[in-house]
Amino acid sequence: MLDAVAGLDEDGFSAPSLLPGWTRKHLAAHVAANADALGNLVHWAATGERTPMYASAEERAAGIARGPALSAGELRAWLTGSAERLAQGLDRLTDGQWRHRVVTAQGRSVPATELPWMRAREVCVHAVDLRTGAVTFADLPEGFLAALVEEIRAKRQLTALPDGPLPEVAAWLAGRPHTLADALELGPWL
């Protein structure tokens, strides 16, 4: 994600992303705000103090809406800084703290050990969504794609998947552009 935005200027950041109605600025702000929100869960796991990802749905929306008002440099700094703060917080968790349960924005109670997967999913899928050409589903690690396919398949309650290369199946399941023939179109996921 950081590499994908490294060379974007104002026009580049203002270009449309793969997500309807979102520019790359909206998307970068969403990913930066997600790191801050996951940082709240890291704090919860570390201290036991209940700190939800977002205080409200409005707060989440405000973080996304903040993106277009920022310059390319400000947005890149937020994206980089929030990622660094999250990584540092995760690195400081002890073995016991990793087992502490936190509650996601969707209301799921999960152990802190799930936080790296939650972040990887956001960063990898949305790096593709930036539509810079720097990252496609084919560029993502096979193990990540396999886990992503299994998670989305289970959430969408699909028993069968179309035949095709793993990156294309992952893109299809995520409701992103794909090359699979005769695959039922799915709405966006994530």
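Figured I'd write up the structure that's included with this text. The model shown is predicted, which means the values in this text are computed figures rather than measured ones.

So, on to the overall build of the protein chain. Helices and strands together make up the secondary structure of the protein chain, namely nine helices and two strands. Taking 190 residues into account, the globule formula puts the C-alpha radius of gyration at 16 Å, and the protein chain, at 17 Å, falls close to it. Reported as C-alpha extents along the three principal axes, the dimensions of the protein chain are approximately 50 × 40 × 30 Å. Per-residue burial for the protein chain yields a buried fraction of 45% across its 190 residues. For the protein chain, the share of sequence-separated contacts (at least 6 apart) that also reach a separation of at least 24 residues comes to 54%. Side chains of the protein chain carry 18 positive and 23 negative charges; the gap between the two charge centres is 5 Å.

Moving on, we get to the pattern of salt bridges. One pass over the full model with this rule turns up seven salt bridges. Its salt-bridge partner being D36, residue R85 comes within 3.2 Å of it at the nearest N-O pair. Taken together, the positions of R85 in helix α5 (residues 72–92) and D36 in helix α3 (residues 24–47) put the pair 49 residues apart, joining distant regions of the chain. Here R85 falls in the partly exposed class, since its relative accessible area comes to 47%. A relative accessible area of 29% means that D36 is categorised as partly exposed.

Moving on to the nonpolar core. Taken as a class, soluble globular proteins show a tendency for nonpolar side chains to be buried jointly. M1, F137, L140 and L148 are the most contacted members of the largest nonpolar core, which totals 41 residues. Of all the elements in the fold, those that place two or more residues in this core are α1 (2–6), α3, α5, α7 (115–129), α8 (142–155) and α9 (166–173). When sequence neighbours within four positions are dropped, the list of residues in contact with L140 reads C124, V128, V135 and L145. Core analysis: the second largest hydrophobic core is formed by 18 residues, A37, L41, A45 and W98 among them.

Turning to α3, a few remarks are in order. Here α3 is 24 residues long and its end C-alpha atoms lie 35 Å apart, about the 34 Å a rise of 1.5 Å per residue gives. Extensive coverage of α3 is indicated by the burial of 18 of its 24 residues. Downstream of α3 by a residue or two, G48 has a phi angle that is positive, lying close to 85°.

Looking now at the side chain of S82. If you trace the backbone, S82 turns up in helix α5. Sequence-distant contacts of S82, that is, excluding residues within four places in its chain, are made with A32, A35 and D36.

So, about unusual backbone geometry. Backbone geometry places R131, a non-glycine residue, at a positive phi of 60°. A positive phi angle is found at D182, which is not glycine, with a value near 60°. Taking relative accessible area as the criterion, D182 reaches 85% and is therefore assigned exposed.

So, on to the environment of D11. By secondary structure assignment, the location of D11 is in helix α2 (residues 10–14). On the basis of relative accessibility, which here comes to 65%, the residue D11 falls in the exposed class.

Turning our attention to the packing of aromatic side chains. Following the criterion strictly, the structure yields one aromatic pair and no others. Aromatic pair W117 and F144: ring centres 5.2 Å apart, planes at 45°, arrangement tilted. Remark: F144 occurs in helix α8 and W117 occurs in helix α7; sequence separation between them is 27 residues. Across the ring face of W78, the terminal group of R66 is positioned such that the distance to the ring centre comes to 4.1 Å.

Once that is clear, we can look at the packing of α3 against α7. Two packed helices can be described by the angle between their axes and the distance between those axes. At a minimum axis separation of 10 Å, α3 and α7 run at an interaxial angle of 180°. On the basis of the axis angle, α3 is roughly antiparallel to α7. The residues of α7 that touch α3, namely those facing L27, H30, V31, N34, A35, L38, L41 and V42, are L115, M118, R119, E122, V123, H126 and D129. Counted by class, the contact of α3 with α7 contains nine nonpolar, three polar and three charged residues.

Rules and cut-offs
- Residues numbered from 1 in each chain as written.
- Predicted model: local features only at pLDDT ≥ 70, side-chain atom pairs only at ≥ 80, totals over all residues.
- Heavy atoms only, no water.
- Helix = DSSP H or I, 4+ residues; strand = E, 2+ residues; numbered from the N terminus.
- Rg over C-alpha atoms; globule rule 2.2 N^0.38 Å.
- Buried < 20%, exposed > 50% of the residue type's maximum accessible area, 1.4 Å probe, protein only.
- Contact = heavy atoms within 4.5 Å.
- Lys, Arg positive; Asp, Glu negative; His and termini not counted.
- Charge placed at Lys NZ, Arg CZ, Asp CG, Glu CD.
- Salt bridge = Lys/Arg side-chain N within 4 Å of Asp/Glu carboxyl O.
- Core = buried A, V, L, I, M, F, W, Y, C linked by side-chain atoms within 4.5 Å.
- Expected span 1.5 Å × (residues − 1).
- Phe/Tyr/Trp six-rings, centres within 6.5 Å; stacked < 30°, edge-to-face > 60°.
- Lys NZ or Arg CZ within 6 Å of the ring centre and 35° of its normal.
- Axes fitted to C-alpha atoms, helices over the stretch in contact; angles between N-to-C directions.
- Parallel < 35°, antiparallel > 145°, perpendicular 65-115°, else oblique.
- Nonpolar A, V, L, I, M, F, W, Y, C, P; charged D, E, K, R; others polar.

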